[in-house]
Amino acid sequence: MTETPPVIEVSVAAAPSVVWPALRDPQLLRRWHGWDIEGLDDEIREIYFGDDVTEDSETFTLALGGADRFSLHEHDGTTLVRITRPPRDADPAADDWYDDVTEGWTTFLQFLKFGIERHGLDERRTLFLEGPVSDGDSARHLLGLDKIAGMKVGDHFTAVAETGDLLHGVVCFVGEHQTAVSVDDLGPGLLQFGEQPVNTARPNGGAQILLAAYDLDDEEWAELEQRWTEWWQARPGAEPAT
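Below, the structure is looked at part by part. Small disclaimer: the values here were computed from a predicted structure and weren't measured. Within any chain, residue numbers begin from 1 and follow the written order of that chain's sequence. A pLDDT threshold of at least 70 governs which residues receive local features in this predicted model, and a stricter bar of 80 or more applies before side-chain atom pairs are shown or counted, although totals over entire chains, interfaces and linings include all residues. As a convention, hydrogens and water are excluded, and side-chain values are obtained from all of the structure's heavy atoms.

**Digging into the packing of aromatic side chains**
Selection rule: We call Phe, Tyr and Trp rings a pair once their centres come within 6.5 Å, taking the six-membered ring for Trp, and we label the pair stacked below 30 degrees between planes, edge-to-face above 60, and tilted otherwise. In this description a helix means any DSSP run of H or I spanning at least four residues, a strand means any run of E spanning at least two, and both kinds are numbered starting from the N terminus. The classification of residues rests on relative accessible area computed with a 1.4 Å probe and restricted to protein chains. Under 20% of the type maximum is buried, over 50% is exposed, and intermediate values are partly exposed. We call a charge positioned above a ring when the Lys NZ or Arg CZ atom is no farther than 6 Å from the ring centre and deviates by at most 35 degrees from the ring normal.
Summed over all chains, the structure comprises 12 aromatic pairs. Taking the centre distance of 6.5 Å and the plane angle of 70 degrees together, the rings of Trp32 and Phe70 count as edge-to-face. Of the two residues, Trp32 is situated in the loop between helix H3 (26–29) and helix H4 (40–48) and Phe70 in strand E4 (residues 68–75); the sequence distance between them amounts to 38 residues. Trp32 sits in the buried class, given a relative accessible area of 0%. In this structure Phe70 comes out as buried when scored by relative accessible area, which is 1%. Ring geometry for Tyr48 against Trp105: centres 6.4 Å apart, planes inclined by 80 degrees, an arrangement best described as edge-to-face. Separated by 57 residues along the polypeptide, Tyr48 in helix H4 and Trp105 in helix H5 (residues 98–119) bring together distant segments of the chain. For the pair Tyr48 and Trp105, a shared accessibility class is recorded, and that class is buried. In textbook terms, an aromatic cluster arises when at least three aromatic residues are bridged by ring pairs, as seen for Trp32, Trp35, Tyr48, Phe70, Trp105, Phe108 and Phe128. The ring of Tyr98 carries the charged tip of Arg85 above its face, separated from the ring centre by 4.4 Å. The positively charged end of Arg235 is found above the aromatic ring belonging to Trp232, 4.0 Å away from the centroid.

Here it is as C-alpha coordinates:
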(Lines give C-alpha, C1' and ligand atoms only; values in the text may rest on other atoms or scores of the structure.)
Protein backbone atom coordinates (compact mmCIF):
# COMPACT_ATOMS: atom_id res chain seq x y z
CA MET A 1 0.00 0.00 0.00
CA THR A 2 1.37 3.41 -0.98
CA GLU A 3 1.85 5.79 1.93
CA THR A 4 -0.19 8.99 1.70
CA PRO A 5 2.16 11.99 1.77
CA PRO A 6 1.76 14.18 4.87
CA VAL A 7 -0.20 17.42 4.69
CA ILE A 8 0.83 20.05 7.23
CA GLU A 9 -1.55 22.92 7.96
CA VAL A 10 -1.84 25.95 10.17
CA SER A 11 -4.51 28.66 10.36
CA VAL A 12 -3.17 32.22 10.44
CA ALA A 13 -5.36 35.16 11.48
CA ALA A 14 -4.50 37.24 8.42
CA ALA A 15 -5.56 37.45 4.77
CA PRO A 16 -3.64 35.47 2.11
CA SER A 17 -2.38 38.77 0.68
CA VAL A 18 -0.65 39.36 4.04
CA VAL A 19 0.75 35.85 4.38
CA TRP A 20 2.00 35.52 0.78
CA PRO A 21 4.90 38.02 1.11
CA ALA A 22 6.19 35.92 4.02
CA LEU A 23 6.83 33.17 1.44
CA ARG A 24 8.42 35.41 -1.20
CA ASP A 25 10.42 38.10 0.61
CA PRO A 26 13.82 36.80 1.80
CA GLN A 27 13.89 39.22 4.74
CA LEU A 28 10.47 38.04 5.91
CA LEU A 29 11.28 34.39 5.32
CA ARG A 30 14.16 34.46 7.79
CA ARG A 31 11.74 35.70 10.48
CA TRP A 32 9.99 32.32 10.58
CA HIS A 33 12.04 29.81 8.60
CA GLY A 34 14.99 28.25 10.39
CA TRP A 35 17.03 29.89 13.11
CA ASP A 36 20.04 32.18 13.47
CA ILE A 37 22.89 30.33 11.82
CA GLU A 38 25.58 31.16 9.31
CA GLY A 39 24.29 30.28 5.86
CA LEU A 40 20.60 30.87 6.58
CA ASP A 41 20.28 33.37 3.72
CA ASP A 42 21.83 30.83 1.32
CA GLU A 43 19.47 28.13 2.56
CA ILE A 44 16.45 30.37 2.00
CA ARG A 45 17.66 31.31 -1.46
CA GLU A 46 18.17 27.65 -2.41
CA ILE A 47 14.82 26.43 -1.07
CA TYR A 48 12.50 29.28 -2.07
CA PHE A 49 14.16 30.87 -5.09
CA GLY A 50 15.90 28.04 -6.94
CA ASP A 51 15.60 27.58 -10.69
CA ASP A 52 13.06 24.77 -10.22
CA VAL A 53 10.76 26.74 -7.90
CA THR A 54 7.43 27.79 -9.42
CA GLU A 55 4.90 30.25 -8.03
CA ASP A 56 1.48 31.64 -8.81
CA SER A 57 0.73 34.81 -6.88
CA GLU A 58 -2.88 34.86 -8.09
CA THR A 59 -3.73 31.45 -6.63
CA PHE A 60 -1.18 31.75 -3.81
CA THR A 61 0.63 28.52 -4.63
CA LEU A 62 4.34 27.81 -4.42
CA ALA A 63 6.04 24.59 -5.52
CA LEU A 64 9.54 24.06 -4.19
CA GLY A 65 11.40 22.18 -6.87
CA GLY A 66 8.48 19.91 -7.61
CA ALA A 67 8.63 18.55 -4.06
CA ASP A 68 6.97 20.38 -1.17
CA ARG A 69 4.06 22.54 -2.23
CA PHE A 70 2.66 25.55 -0.35
CA SER A 71 -0.90 26.74 -0.90
CA LEU A 72 -2.86 29.47 0.86
CA HIS A 73 -6.62 29.19 1.32
CA GLU A 74 -8.77 32.10 2.53
CA HIS A 75 -11.52 31.34 5.03
CA ASP A 76 -13.54 34.03 6.83
CA GLY A 77 -10.66 36.47 6.97
CA THR A 78 -8.06 33.89 7.98
CA THR A 79 -5.59 31.92 5.90
CA LEU A 80 -5.07 28.19 5.96
CA VAL A 81 -1.42 27.62 5.09
CA ARG A 82 -1.00 24.12 3.70
CA ILE A 83 2.19 22.26 2.86
CA THR A 84 1.70 19.10 0.82
CA ARG A 85 4.74 16.85 0.99
CA PRO A 86 5.95 14.66 -1.89
CA PRO A 87 5.74 10.86 -1.61
CA ARG A 88 8.41 9.40 0.65
CA ASP A 89 10.09 7.56 -2.22
CA ALA A 90 10.15 10.57 -4.58
CA ASP A 91 13.86 11.11 -3.83
CA PRO A 92 15.61 8.01 -2.44
CA ALA A 93 18.69 10.07 -1.56
CA ALA A 94 16.59 12.21 0.78
CA ASP A 95 14.49 9.38 2.23
CA ASP A 96 16.54 9.12 5.42
CA TRP A 97 15.73 12.74 6.28
CA TYR A 98 12.09 12.67 5.16
CA ASP A 99 10.66 12.68 8.69
CA ASP A 100 13.07 15.44 9.75
CA VAL A 101 11.80 17.65 6.94
CA THR A 102 8.18 16.91 7.86
CA GLU A 103 8.82 17.84 11.48
CA GLY A 104 10.82 20.88 10.39
CA TRP A 105 7.93 22.22 8.32
CA THR A 106 5.60 21.58 11.25
CA THR A 107 7.88 23.66 13.47
CA PHE A 108 8.37 26.49 11.00
CA LEU A 109 4.65 26.89 10.28
CA GLN A 110 4.06 27.48 13.98
CA PHE A 111 6.70 30.23 13.92
CA LEU A 112 5.06 31.70 10.82
CA LYS A 113 1.67 31.79 12.58
CA PHE A 114 3.09 33.19 15.80
CA GLY A 115 5.31 35.71 14.04
CA ILE A 116 2.46 37.13 11.94
CA GLU A 117 -0.26 37.09 14.59
CA ARG A 118 1.76 38.32 17.55
CA HIS A 119 4.53 40.44 15.99
CA GLY A 120 3.65 41.29 12.39
CA LEU A 121 6.75 39.27 11.39
CA ASP A 122 9.06 41.59 13.27
CA GLU A 123 12.73 40.72 13.83
CA ARG A 124 13.41 37.90 16.27
CA ARG A 125 16.39 36.24 17.94
CA THR A 126 16.54 32.46 17.97
CA LEU A 127 18.30 29.75 19.93
CA PHE A 128 18.43 26.18 18.62
CA LEU A 129 19.49 23.26 20.82
CA GLU A 130 19.61 19.63 19.73
CA GLY A 131 21.25 16.35 20.60
CA PRO A 132 20.88 12.95 22.23
CA VAL A 133 19.19 12.49 25.59
CA SER A 134 19.16 9.65 28.08
CA ASP A 135 16.99 6.68 27.15
CA GLY A 136 13.35 7.51 27.81
CA ASP A 137 14.05 11.19 28.45
CA SER A 138 12.62 14.13 26.49
CA ALA A 139 13.11 17.84 25.90
CA ARG A 140 9.86 18.52 27.79
CA HIS A 141 11.08 16.68 30.88
CA LEU A 142 14.54 18.24 30.71
CA LEU A 143 12.96 21.68 30.50
CA GLY A 144 10.88 20.96 33.59
CA LEU A 145 7.62 21.31 31.66
CA ASP A 146 6.04 17.94 32.40
CA LYS A 147 2.96 19.74 33.74
CA ILE A 148 2.15 20.74 30.15
CA ALA A 149 1.51 17.10 29.23
CA GLY A 150 -2.22 16.73 28.71
CA MET A 151 -2.85 20.45 28.32
CA LYS A 152 -4.77 21.72 25.29
CA VAL A 153 -4.10 24.60 22.93
CA GLY A 154 -5.14 27.80 24.67
CA ASP A 155 -4.44 26.55 28.19
CA HIS A 156 -2.35 28.91 30.35
CA PHE A 157 0.63 27.62 32.28
CA THR A 158 3.27 28.82 34.73
CA ALA A 159 6.41 26.80 35.40
CA VAL A 160 9.94 27.25 36.66
CA ALA A 161 12.09 25.77 33.90
CA GLU A 162 15.27 23.85 34.64
CA THR A 163 17.12 26.74 33.01
CA GLY A 164 16.10 28.87 35.99
CA ASP A 165 13.54 30.89 34.04
CA LEU A 166 10.03 31.47 35.33
CA LEU A 167 7.88 30.81 32.27
CA HIS A 168 4.36 32.16 31.86
CA GLY A 169 2.43 31.60 28.69
CA VAL A 170 -0.13 29.70 26.67
CA VAL A 171 -0.01 26.33 24.94
CA CYS A 172 0.07 27.19 21.22
CA PHE A 173 0.48 23.81 19.53
CA VAL A 174 0.36 20.15 20.51
CA GLY A 175 1.49 17.63 17.91
CA GLU A 176 2.48 13.99 17.91
CA HIS A 177 6.18 14.76 18.27
CA GLN A 178 6.43 18.40 19.35
CA THR A 179 4.80 21.10 21.44
CA ALA A 180 4.91 24.91 21.28
CA VAL A 181 4.19 27.38 24.07
CA SER A 182 4.37 31.15 24.26
CA VAL A 183 6.68 32.79 26.80
CA ASP A 184 5.32 36.13 27.98
CA ASP A 185 8.61 37.62 29.20
CA LEU A 186 10.33 37.14 25.85
CA GLY A 187 8.23 39.53 23.83
CA PRO A 188 6.18 37.22 24.01
CA GLY A 189 8.41 34.56 22.53
CA LEU A 190 7.72 31.07 21.24
CA LEU A 191 9.31 27.92 22.66
CA GLN A 192 8.97 24.76 20.60
CA PHE A 193 10.38 21.44 21.77
CA GLY A 194 10.10 17.79 20.87
CA GLU A 195 11.58 14.59 19.59
CA GLN A 196 13.98 14.19 16.69
CA PRO A 197 13.17 11.32 14.31
CA VAL A 198 15.34 8.23 14.15
CA ASN A 199 17.55 7.94 11.06
CA THR A 200 20.92 6.43 10.12
CA ALA A 201 22.80 9.44 11.48
CA ARG A 202 20.66 9.45 14.64
CA PRO A 203 19.85 5.79 15.40
CA ASN A 204 18.48 6.55 18.86
CA GLY A 205 16.65 9.72 17.93
CA GLY A 206 17.15 12.81 20.05
CA ALA A 207 15.54 16.00 21.25
CA GLN A 208 15.50 19.58 20.06
CA ILE A 209 14.46 22.99 21.27
CA LEU A 210 13.85 26.14 19.23
CA LEU A 211 13.30 29.38 21.12
CA ALA A 212 12.40 32.71 19.49
CA ALA A 213 12.54 35.93 21.51
CA TYR A 214 11.47 39.43 20.60
CA ASP A 215 12.43 42.86 21.96
CA LEU A 216 15.45 41.73 23.99
CA ASP A 217 18.55 43.91 23.92
CA ASP A 218 22.00 42.46 23.19
CA GLU A 219 22.91 42.01 26.85
CA GLU A 220 19.63 40.33 27.76
CA TRP A 221 19.86 37.97 24.80
CA ALA A 222 23.52 37.08 25.42
CA GLU A 223 22.75 36.20 29.04
CA LEU A 224 19.78 34.02 28.05
CA GLU A 225 21.70 32.31 25.26
CA GLN A 226 24.63 31.48 27.53
CA ARG A 227 22.41 30.21 30.36
CA TRP A 228 20.32 27.94 28.13
CA THR A 229 23.33 26.64 26.19
CA GLU A 230 25.24 25.74 29.37
CA TRP A 231 22.15 24.03 30.78
CA TRP A 232 21.71 22.00 27.59
CA GLN A 233 25.35 20.96 27.45
CA ALA A 234 25.12 19.71 31.04
CA ARG A 235 21.96 17.64 30.47
CA PRO A 236 21.91 13.88 31.16
CA GLY A 237 22.81 12.00 27.99
CA ALA A 238 24.75 14.86 26.42
CA GLU A 239 27.69 13.90 24.26
CA PRO A 240 31.09 14.95 25.67
CA ALA A 241 32.37 18.26 24.28
CA THR A 242 35.10 17.85 21.66
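Let's pick the thread back up.
**With respect to the nonpolar core**
This is how the line gets drawn: As used here, the term nonpolar core means buried Ala, Val, Leu, Ile, Met, Phe, Trp, Tyr and Cys residues forming a set that is joined through side-chain atoms within 4.5 Å. The contact criterion used throughout is that any non-hydrogen atoms of two residues lie within 4.5 Å.
Counting 37 residues, the largest nonpolar core has Trp32, Tyr48, Leu62, Phe70, Val81, Trp105 and Leu109 as the members making the most contacts within it. The dominant element in this core, judged by the number of residues it contributes, is H5, at 7 residues. In contact with Phe70, not counting residues within four places along its chain, are Leu23, Trp32, Tyr48, Phe60, Thr61, Leu62, Leu64, Val81, Arg82, Ile83, Trp105 and Leu109.

**Examining helix H7 (residues 218–233)**
What sets the pattern is the α-helix's 3.6 residues per turn: residues three or four places apart point alike. Worth spelling out the cut-off: An expected span of 1.5 Å times one less than the residue number is assigned to each helix. The arc in question is traced by the directions running from the helix axis to the C-beta atoms. Under the rule applied, a polar contact is a pair of N or O atoms within 3.5 Å (in protein, one hydrogen donor and one hydrogen acceptor; residues adjacent in sequence only if both atoms are side-chain atoms).
With 16 residues, H7 should cover 22 Å at 1.5 Å per step; its first-to-last C-alpha distance of 22 Å lies within 8% of that length. Buried residues of H7: Trp221, Leu224, Trp228, Trp231 and Trp232, and no others. Seen from one end, H7 has its buried residues packed into an arc of 105 degrees, which puts them on one side. Exposed side chains of H7 directed beyond 90 degrees from the buried face belong to Asp218, Glu219 and Gln233. Looking at the buried positions of H7, the neighbouring elements they touch are strand E6 (125–131), helix H6 (139–143), strand E10 (189–196) and strand E11 (206–213). The backbone nitrogen of Glu219 has a side-chain oxygen 3.2 Å away, supplied by the residue at the start of H7, namely Asp217.

**Observations regarding unusual backbone geometry**
With an omega dihedral of 0 degrees, the bond running from Gly187 to Pro188 counts as a cis peptide bond. Here Pro188 shows up in the loop between strand E9 (178–183) and E10. In this structure, Phe60 is a non-glycine residue whose phi angle is positive, near 55 degrees. With respect to the helices and strands, Phe60 occurs in the loop between strand E2 (54–56) and strand E3 (61–64). A positive phi angle, near 65 degrees, is found at Asp215, a position not held by glycine. Assignment of secondary structure puts Asp215 in the loop between E11 and H7.

**Some words on the side chain of Thr107**
With respect to the secondary-structure elements, Thr107 resides in helix H5. Thr107 sits in the buried class, given a relative accessible area of 3%. Once residues within four sequence positions are removed from consideration, Thr107 is found in contact with Gln178, Gln192, Gln208 and Leu210.

**Focus on the side chain of Arg31**
Relative to the assigned elements, Arg31 resides in the loop between H3 and H4. Excluding its chain neighbours within four sequence positions, the residues that come into contact with Arg31 are Leu121, Asp122, Glu123 and Arg124.

**Quick notes on the sheet that holds E2**
Across a sheet, paired strands are connected by hydrogen bonds in the backbone, their directions being either parallel or antiparallel. Short version of the rule: Whether two strands pair comes down to DSSP finding at least two bridges between them. Here an angle of 0 to 180 degrees is reported between the N-to-C directions of two axes, which are lines fitted to C-alpha atoms, with helices fitted over the stretch in contact.
Here we have 5 strands laid out as an open sheet, ordered E1-E5-E4-E3-E2, and antiparallel in their pairing. The strands lining the two open edges of the sheet, one partner per strand, are strand E1 (7–12) and E2. For this sheet the average axis-to-axis angle between neighbouring strands, irrespective of direction, equals 15 degrees. The sheet contact formed by E2 and E3 spans 3 bridges and is antiparallel. Note on E3: the bridge partner recorded for Asp56 is Thr61. Sitting on the sheet, H5 is in contact with E1, E3, E4 and strand E5 (78–84), with an inclination near 5 degrees to E1.

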